[in-house]
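Spelled out from the first residue to the last, the chains are:
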Amino acid sequence: MFESVKARLEKLLRDHSRSDPRAYMSALREALVEAKVGVATMRSALVKSEEELRREQRQLTDAERRGRLALEVPDQQTVILAEQFARRHRERIAVLERKIAVQRDELVLAEREVEEMLGQVRGGSTGAEAADSLRAAWRDIEAAGGDRPDSGPDDERLRAEADSKLKERAVEAQLAFLKKKLRER
């Protein structure tokens, strides 16, 4: 499951290559949400595997106990069956232990990838990217028929204040989005 999220993230990086920061960040947030779901699914699968291992260990204990009891009662057929069951349970336990080790390793890798993506999202709209994002937003507004307030050389202070307010709104919107996502977890 996590491989599909990883492939999607690589496609995102390849396709957008940060040419449109807003689209990139939006796609990155979506990939992050999917990655978090993938990590939760991986954790659930690990818990199930650990439960299955405990169940196999109990069955092995039972099979060994039955084998010992069969030795006390001279019943060779029961002894043979108990040994077969014990061998099967030991083999299954060995496979489950390897499976759990691999699942744990995959989970660590997936959690690390999610943390890296989260770091990108948190630091995604700072500096030049924020300015690029603002210019792109103004282009979108103008393309939709809106007007950007004209400001001559005397109104440079007003432009700086307007850009500052837009940056603040963008940061507040991103913060609200992240808070909402964290509450949903």
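Residues numbered from 1 in each chain as written. Predicted model: local features only at pLDDT ≥ 70, side-chain atom pairs only at ≥ 80, totals over all residues. Heavy atoms only, no water.

**Q** Teacher, can you tell me more about the overall build of the protein here?
**A** A count of helices and strands for the protein gives five helices and zero strands. Beginning at the N terminus, the succession of helices and strands in the protein can be written as α-α-α-α-α. Among the 185 residues that make up the protein, the fraction classed as buried is 25%. In the protein, of all internal contacts separated by at least 6 residues, the share reaching a separation of at least 24 is 76%. By element, 53% of the accessible surface of the protein is carried by carbon and sulfur atoms, the whole surface being about 12,800 Å². (Helix = DSSP H or I, 4+ residues; strand = E, 2+ residues; numbered from the N terminus. Buried < 20%, exposed > 50% of the residue type's maximum accessible area, 1.4 Å probe, protein only. Contact = heavy atoms within 4.5 Å. Areas by Shrake-Rupley, 256 points an atom, 1.4 Å probe, with all protein chains shown as cover.)

**Q** Whenever I open this one, empty space enclosed by the protein confuses me. Can you help?
**A** Here the idea is plain: a probe the size of a water molecule rolls over the atoms and shows the empty space left. According to the stated counting rule, one finds one cavity of 30 Å³ or more in the structure shown. Taken as a whole, the largest cavity spans an internal volume of roughly 50 Å³. If you go around the largest cavity, the residues you meet are Arg29, Leu32, Val33, Lys36, Leu118, Val121, Phe177, Leu178 and Lys181. Contributions of two or more residues to the lining of the largest cavity are made by helix 2 (21–72), helix 3 (76–122) and helix 5 (156–184). The element best represented in the lining of the largest cavity is helix 2, accounting for four residues. Here the residues of the lining of the largest cavity are counted per class, giving six nonpolar, no polar and three charged. (1 Å grid on protein atoms, 1.4 Å probe; cavity = no way out; pocket = protein on both sides within 12 Å on 5 of 7 lines; lining within 4 Å. Points joined across faces, edges and corners; volume = space filled by probe spheres on them. Nonpolar A, V, L, I, M, F, W, Y, C, P; charged D, E, K, R; others polar.)

**Q** How do you make sense of the pattern of salt bridges when you look at a structure like this?
**A** Pairing is possible between side chains of opposite charge, provided their charged atoms come close. The tally for this structure, following the rule as stated, stands at five salt bridges. Linking arginine 104 and glutamate 50 is a salt bridge whose minimum nitrogen-to-oxygen distance equals 2.7 Å. Placement of the pair is arginine 104 in helix 3 and glutamate 50 in helix 2, with a sequence separation of 54 residues. One salt bridge connects aspartate 62 with arginine 65, and the closest N-O pair in it is separated by 3.5 Å. Here aspartate 62 pairs with arginine 65, and both are found in helix 2, just three residues apart, close to one helical turn. Taking the relative accessible area as the measure of exposure, aspartate 62 reaches 29% and is therefore partly exposed. (Salt bridge = Lys/Arg side-chain N within 4 Å of Asp/Glu carboxyl O.)

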